[in-house]
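Okay, here's what each chain looks like letter by letter:
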Protein chains: 4
Amino acid sequence: MPKAAVLREFGKPLVIEDFPEVHPGPGEVLVKIVAAGVCGSDLHITSGEDPRTPIPMVPGHEGVGIVKELAGPCFDVDGQEINEGDLILWNRGVTCGKCYYCTIAKDPSLCSDRWTYGISRSSEKPRQIRGCYAEELLLTADTQIIKLKEDDNPAVMVAASCSGGTAAHTIELAKIKPGDVVLIQGVGPVGLFLAAFAKAKGASEIIAIKRSPEKEPLAQEFGVTHLLSLAETSREERVKLISDLTSGRGVDVAMEAVGHNSVLDEGLPLVRPGGAYISVGFGVPAPAWPLDTFGLIVRKNVRFQGVWVSDVSHIRQAVLLVRNNPEAFAKMVTHRFPLSEANKALQAVADRSGIKVIIEP
Amino acid sequence: MPKAAVLREFGKPLVIEDFPEVHPGPGEVLVKIVAAGVCGSDLHITSGEDPRTPIPMVPGHEGVGIVKELAGPCFDVDGQEINEGDLILWNRGVTCGKCYYCTIAKDPSLCSDRWTYGISRSSEKPRQIRGCYAEELLLTADTQIIKLKEDDNPAVMVAASCSGGTAAHTIELAKIKPGDVVLIQGVGPVGLFLAAFAKAKGASEIIAIKRSPEKEPLAQEFGVTHLLSLAETSREERVKLISDLTSGRGVDVAMEAVGHNSVLDEGLPLVRPGGAYISVGFGVPAPAWPLDTFGLIVRKNVRFQGVWVSDVSHIRQAVLLVRNNPEAFAKMVTHRFPLSEANKALQAVADRSGIKVIIEP
Amino acid sequence: MPKAAVLREFGKPLVIEDFPEVHPGPGEVLVKIVAAGVCGSDLHITSGEDPRTPIPMVPGHEGVGIVKELAGPCFDVDGQEINEGDLILWNRGVTCGKCYYCTIAKDPSLCSDRWTYGISRSSEKPRQIRGCYAEELLLTADTQIIKLKEDDNPAVMVAASCSGGTAAHTIELAKIKPGDVVLIQGVGPVGLFLAAFAKAKGASEIIAIKRSPEKEPLAQEFGVTHLLSLAETSREERVKLISDLTSGRGVDVAMEAVGHNSVLDEGLPLVRPGGAYISVGFGVPAPAWPLDTFGLIVRKNVRFQGVWVSDVSHIRQAVLLVRNNPEAFAKMVTHRFPLSEANKALQAVADRSGIKVIIEP
Amino acid sequence: MPKAAVLREFGKPLVIEDFPEVHPGPGEVLVKIVAAGVCGSDLHITSGEDPRTPIPMVPGHEGVGIVKELAGPCFDVDGQEINEGDLILWNRGVTCGKCYYCTIAKDPSLCSDRWTYGISRSSEKPRQIRGCYAEELLLTADTQIIKLKEDDNPAVMVAASCSGGTAAHTIELAKIKPGDVVLIQGVGPVGLFLAAFAKAKGASEIIAIKRSPEKEPLAQEFGVTHLLSLAETSREERVKLISDLTSGRGVDVAMEAVGHNSVLDEGLPLVRPGGAYISVGFGVPAPAWPLDTFGLIVRKNVRFQGVWVSDVSHIRQAVLLVRNNPEAFAKMVTHRFPLSEANKALQAVADRSGIKVIIEP
C-alpha cells in the first residue's frame, strides 16, 4: 500500500498515511514518485491561505516519477510513446480542452476548469492520492505528460514543472529581445529560472535584486551579471547602476518574483519608456498599491503585465532549459528529505535556509 | 503679413498678431493653414498646465494646409512629390531620427528630442509662427508630411493629425482580434476614433461608456454597438451587459480615453482573464490609483498598457481611416470659427458643447 | 430512419440511402442538419482526388443543425450551455487535444490525428452518417461546437464552418495593418471572405482579381475597392493600377485563393518589399513552380506563407464576421437544393454557375 | 595623406592610392580605420557581379575605427557622447529617415535611398574615401554610430557590422522560441552568428550543415549541437537525425546562409508543419528553383521568409552578442593583413582557407 503525506488540518503537520493500491484505467498512468518539489506556495496551501485547497489532501504539485503501470498505449506531448520504466514529468494543472480559454484564446493556463495536483483535489471520496508528497500517483487520462531522458536528474528537473514553467510563461510575455537589459526582483527558484531564461533570450545585462545580504554565487551561474542586495546597497545606488548601464533610460524589461508592494515601488520606475514590467510574484491577495498611472504607465508608454501559472508548453521549455545547463540547476537543489520527513522539508522552505527543497519518496 | 493667435499669458485670451513673412529654405515647406483643430489638450496648454509650453507661443498642433511655397523637391512619407497647391497634413511631433527611440526601439513617439508644433516652441527668438492657430506655418525640413487628396475635407481630416494618430497608436498596442468584444471609456474625438478603429480591426461588439446623458447618435456611426451613459445606467447594469455579451468573461480589450481614476475603477475589472486594458486618456498628472495587483493583474494574467502620443505611421493610418468613412467623421465637426474667434473656439471645447471644434484661418 | 447522400464510387453520382437511427452517448450531440454547404473541395472528394477520402462515405463538411438530442449537459466553446432546439455549427475537423500541435504549438489545424466530417470517415463499420449531406448527424463528444443565435440564417452561416474559417486563418497569418493595400486573387467563397476580413482589419484598398469577365456586384459589398478581371484587363494594366495605388511599391499583403501556378506568377511580384504573400488556394498537389528566390523573396525581404485549413477559433471569427454583415453574405448564397438533389448541387459548383451552393435536407 | 585600396577595374587587383586629407563638417566624424572586415560579398563587388558598384571605388563595408576628428557634439544611437579617441563602429548602410520604409514600415533596411560604404559610392567626384579598405574614412552626418568599449577587440568586433547585423535581422524574422530545434545551412561568418543568436534565443538543438569535411571545432563554441558535413553524411542520415531529434516532425526553424538552390532542396522539406524557413544566403541572382507550393508551403502551413541586409538595431544586437562571448568570436578571425596586402586578404576569402579575414590598416 503506497504511503503519502496528508494535510488533515490547516497549519498542522502532515501525517504519513497508507492509501489503497490503484491500477490505471484507459489512458491513465500510475507513477512511482521519485522526486517531489516543495514550492513556496506549499506553505500557503498547508497553512490554509490558498482558497483552492480542500482537506484532507496530499500536497505536492511538482513531481517527477517512473511509470509503474499503464493500461494501453500512451504518448507524451511530443508524440513519444510512454512505456513502463520511463522517467516522466507532467503538467500539474489539468485543463478541459473545451472551454473558451483552451480553444479560442489558446491560453489553457486560464482554463475555467483547471485543477491542480497537490492543490485542488481532496484525498477522500474516493480515497486517493492526488499530490506528489507520496510514493505513488495515478495520473488521469487528460494529464499532459513530458517524457524525460534516462540521464535527466529527477531532483534537478522537478522544479521545471512549476517554478520553471511559470518562469517560461513570464518570459513568453516579457518579449525580451537580444541585447536587452533586464531587471529581476527576487532570486528564489522562479527568479533564478527567469535569469536563465533571460540569458537564453539574449539579454545583454541581467541585474538581479535580492533581499538578504548573503553571497549568492548561484545567481551568476544563471546569467545574472549584476547582483544587488537590498541590505548592502541603497536605492540610489541601484538606480544609478541601472542608469549607467542604460544611458539613463532604464531597463527594457523588469520582472518581479517576490510579490510585495515594495518591489513595485522600486521596479516600475526603473523601466525605460516603451519597456515592460512583468509581475508574477503575487500568488495571494495583497494590499492595494498606489499607482501613478500618468507618470509610470501612460507618459512612458509602459506595459504592466501580470502572469498566472503556466501551461504544458511552458513546462516543456523549462525542461529543455534545465537539460541545457544541468550543472547550474543541480546547485539550486540545496535540501533533500525522505517522504517521512515531509514536515522538515516544508520547514526548510519556511526558514528560507535553502533554495530548492526536494522530497524523495 | 500673416496673422496668428498668440498666447502671451497663461489663462488669458489669445491675441491676434501680425508676423513677419517668411520663405522656405531647403526642405522647408510654407503652408497656408486651412483648418486647425482645437484639441482638448489646448485647454491645458493655454491655462499653463502643460509643462512643455513656453510663452509667448502660437497654439495649435492639429493642422491641414495648402502648400504655398517650396525651395526644391520635397516628398511625403509615401514617396509622393509635394508641389505648390497640394493639400497636406503633417506630423505635429518632430523627431530626431538619431536617438535610441528613433533608431533602435523604432518608437519615435518616445524620441528624446521630440518637439511639437503648437505646444513646445516659442514664437519669439526668432519671432516666428510655430503653431496652427495661424494663417501660415513654415514646416521645418525634418517635419514628416502626408499628402492629402484634393477631395479630402480639411476640417474633417485635421483631427487625424492628433486625436486620430493617438487612437491609431492605442489600437496598435491594443492588439484587437476579429471577433473581440471591446470596451471604450469616453466618446470624445479620441474615443470615437478608437471605436472606428476597433470596428476596422474586426471587433464584434463595441461597448462605449460616456458621461453625459444626452443622446449620442454619432457613436453608432463609428461602430459602437452599445452606448451606455453613466447618468442613465448603474454600474451593475453595465457590468451585467458586458457579462451577458461575453458569457461572463469580460471584454477582450478595454481602452480608456478619459483620464480619471474613476474610469480605472470601473474599467480594469471588466477585462477578461488574459485580456488587455489600454490607458491613453491621462495627459497630465493625476492622483495615485489604488491598484489590486494580485486580483486585477496577476491572477487574471492581464496586460495594462499605457500609450503616449503617436508617430507618423499612426497619423497616416488615421488619415486612411477618415478617408474610408468621411461622412461619419464629418459629423464629428460640430463647430467652426475664423481665426479672429480663436478664443471662442477654445471656449466651445471648454464648454463640452461640441465634439470637434475647428478654426479656419 | 434518417437519409443521407452516399458516395459509393468515386466519380459516380451520390445515392440517397437510409441509415439506422442513433442516439447520443455522453457528450455526444445528435443534430438535425438544416443547411449543408457544398465546398469546392467536395468536387475533389467525390472525384477521388483527395487522398484522405474512404468510400463509402457521406460527403459534406460544412453544416449547420438544430440539436435534436443530448445525453447530459453540453457546452459550446464560449461556455454557453447547449440545449435541444438550439441552432449550432461545429468545427468540421476533430482534433486530439494531446499532440504536439494541440498542446505545444497551439496550432490544432496541424493536429496529427485531425479527422474531418464529410471527408475522412467512412459510413460503414459501423454504418453511420459522418457527413453533412444528410438529415441527421451525430457529433462526437470531442467535436467543438459554436452555438448560433436564433436569428442567424443557417444557409448564410454555414460557409463560416469551412471557407470562412480558412479565410480567418489566412487573415491571422496575413497580419494586415490598418491602412494596408491588399490584393486578393480569386473571388469564390474564400476570396470573398478574405475581402470581408481584410476590410475588417482596416485595409484601405482591396484589389481583387477574378477570372471571368462577368460583373461581380458582390465583391464591392465585401469590401473590394478595385475588381479586375483577367479577361478584361491586361497584366500591365493590373500592375499599373497597383503601382499607382502604392506609390510604386506594391501591395502590403497579397492572398491567393485560386491554387494555380499562374496566380503565383502574377501575385508574388506585386508584393512590396517587406510585404507578405499568403497562399491558401492549393488544396491538392500542383506542378512545381519556378521561384526566383533572390529576386522575389530575399532581395525584397518578402514572406511567403502557406495556410492549411483552420481551427475552431477561426471558425468562430467567421461566424462573428457573417453576423456583422448578414445582408452581404446572404447574397453569396446563389443556389439551394433539397438533399434528394445533392448531385445537382455538386454540379452547380462544378459549373461555376453560382458562388455558394447549399443543400437543405 | 591617407591611403586606401582602390578598385579601378572589375576583376583586377586593388591598387593602393593616396587620397587628399579631409576634415569633418558639422555632424561628420573622421575615423582612423583600425579593422576592416573582408566580407564574402566583397568578392562579388570586386569582380563586378554586384550591380550597385561604381568604379573607381574603395571597397570595405565592415569597419571599426578610432575617432580622429569631430566638428561639434556627436552622439551614438544609444545617446552616448562620442569624443576623439573613442572606438566606434557604424551602420554601413546610410538611410534617408524620410521614406515609407524609414517612417511608416519602420524597416530602414529597405530604405529607397539606402547607400552603403564600400559598395555603392565612387571614390571620385569628389575624390574621397568611401570604404573601409583605407587608413581613414569620413562618416557623413547621417551615419548611425555605435560607440564601442575600450576593451572591445576591433578585429573581433568588426564582423558585427555586416555578417552579425544580417544574422540579427534573420533571427528577428525567424522568431525562435525557447526549446526550438533549429537547422542552419552554412557555417561561414553569417552561419556562425546565426548559431550564436539561435543559442541566445534559447534553441535546444542547433543542427548545422556544412560543405567541407574538415573538422570545425568552432561550430560547437557558437552553440551548434550537431555538425554534419555534406561530404561525410548522406542526405538520408541527415534526415534521420533531424527526425529523431523532433519525434519525426522536422525542425521548428531552418535558416540558410549559403545561397544555392541545393540548400533549398534539402532544407525546406526538413521544416515541420507550422515552422519557418528563412533564406538569407542569396546575395546575387540565382536560377529559378522548382517549388512544390502545395507540398512544402500550403499543406504544411510553412512560412518561407527572405531577409535583406540589416539596420542599426540589428548591428547593435550583434555588437552585444560578440561582447558576451568574445573568446568564441575571436577564434573566428583566422587571417589578418595590412592594408598593403588587401589583395591577399580577398584571396584568402576566395580560397575559403579561413573564416573571417581582417585588414588592419
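Because the structure is predicted, anything quoted here is derived from the model rather than measured.

**Notes on the relation of the copies chain C and chain D**
Point 1. With an axial shift of 0.0 Å and an RMSD of 0.0 Å, the rotation relating chain C to chain D amounts to 180 degrees. Overall, the copies show the geometry of a two-fold rotation axis.

**Topic: the domain arrangement of chain A**
Residues and elements named next belong to chain A.
Point 1. Domain annotation for chain A reports domain 1 (3–162 + 310–360) and domain 2 (166–306).
Point 2. Here the C-alpha centroids of domain 1 and domain 2 sit 28 Å apart.
Point 3. Between domain 1 and domain 2, the residue contacts involve 18 residues of the former and 17 residues of the latter.
Point 4. Of all the secondary structure elements, the ones that give two or more residues to the side of domain 1 that touches domain 2 are helix H1 (40–47), helix H10 (312–324) and helix H11 (326–332).
Point 5. In terms of residue class, the side of domain 1 that touches domain 2 is made up of seven nonpolar, eight polar and three charged.

**Focus on the sheet that holds strand S13 (residues 251–256) of chain A**
Point 1. Spatially, the 12 strands line up as an open sheet ordered S12(A)-S11(A)-S10(A)-S13(A)-S14(A)-S16(A)-S16(B)-S14(B)-S13(B)-S10(B)-S11(B)-S12(B), and their pairing is mixed. Strands with a single pairing partner mark the edges of an open sheet, and in this sheet they are strand S12 (226–229) of chain A together with strand S12 (226–229) of chain B. On average, adjacent strands in this sheet sit at an angle of 15 degrees to one another, irrespective of strand direction.
Point 2. Summarising the sheet, S13(A) and strand S14 (residues 271–279) of chain A pair through five bridges and their orientation is parallel. Residue Met255(A) lies in a different strand from S14(A), and its bridge partner there is Ile278(A).
Point 3. Here helix H4 (residues 163–174) of chain A sits on the sheet in contact with S13, S14 and strand S16 (303–306) of chain A, set at roughly 155 degrees to S14(A).

**Remarks on the interface of chain B and chain D**
Point 1. With 15 residues of chain B in contact, the opposing surface of chain D contributes 15 residues.
Point 2. Those elements that place two or more of their residues in the side of chain B that touches chain D are helix H2 (100–103) and helix H10 (312–324) of chain B.
Point 3. Examining the composition of the side of chain B that touches chain D, we find that three residues originate from one element, H10(B), more than from any other.
Point 4. Considered class by class, the residues forming the side of chain B that touches chain D number five nonpolar, six polar and four charged.

**A short note on the interface of chain C and chain D**
Point 1. The interface is formed by 37 residues belonging to chain C together with 37 residues belonging to chain D.
Point 2. Residue assignment for the side of chain C that touches chain D shows that the elements contributing at least two residues are helix H2 (100–103), strand S14 (271–279), strand S15 (289–291), helix H9 (293–298) and strand S16 (303–306) of chain C.
Point 3. Each residue belonging to the side of chain C that touches chain D can be placed in one class, and the counts come to 22 nonpolar, nine polar and six charged.
Point 4. Bridge count between S16(C) and strand S16 (residues 303–306) of chain D: three bridges; the pairing is antiparallel. The residue of S16(D) that forms the bridge with Gln305(C) is Arg303(D).

**What to know about the pairing of strand S13 (residues 251–256) of chain C**
Residues and elements named next belong to chain C.
Point 1. Most of S13 is tucked away: six of the six residues are buried.
Point 2. Of the pairings in the sheet, the one linking strand S10 (residues 181–185) to S13 comprises four bridges and is parallel in character. Bridge pairing in S13 places Gln185 opposite Glu256.
Point 3. Read from S13 through helix H8 (residues 261–267) to S14, the crossover connection turns out right-handed.

Rules used in this analysis
- Residues numbered from 1 in each chain as written.
- Chains lettered and ligands numbered in written order.
- Predicted model: local features only at pLDDT ≥ 70, side-chain atom pairs only at ≥ 80, totals over all residues.
- Least-squares fit on C-alpha atoms with pLDDT ≥ 70 in both.
- Domains from an automatic or database assignment.
- Contact = placed C-beta atoms within 7 Å.
- Helix = DSSP H or I, 4+ residues; strand = E, 2+ residues; numbered from the N terminus.
- Nonpolar A, V, L, I, M, F, W, Y, C, P; charged D, E, K, R; others polar.
- Pairing = 2+ DSSP bridges.
- Axes fitted to C-alpha atoms, helices over the stretch in contact; angles between N-to-C directions.
- Buried ≥ 20, exposed ≤ 12 C-beta atoms within 10 Å, placed from the backbone.
- Right-handed = clockwise from strand over helix to strand, strands pointing away.

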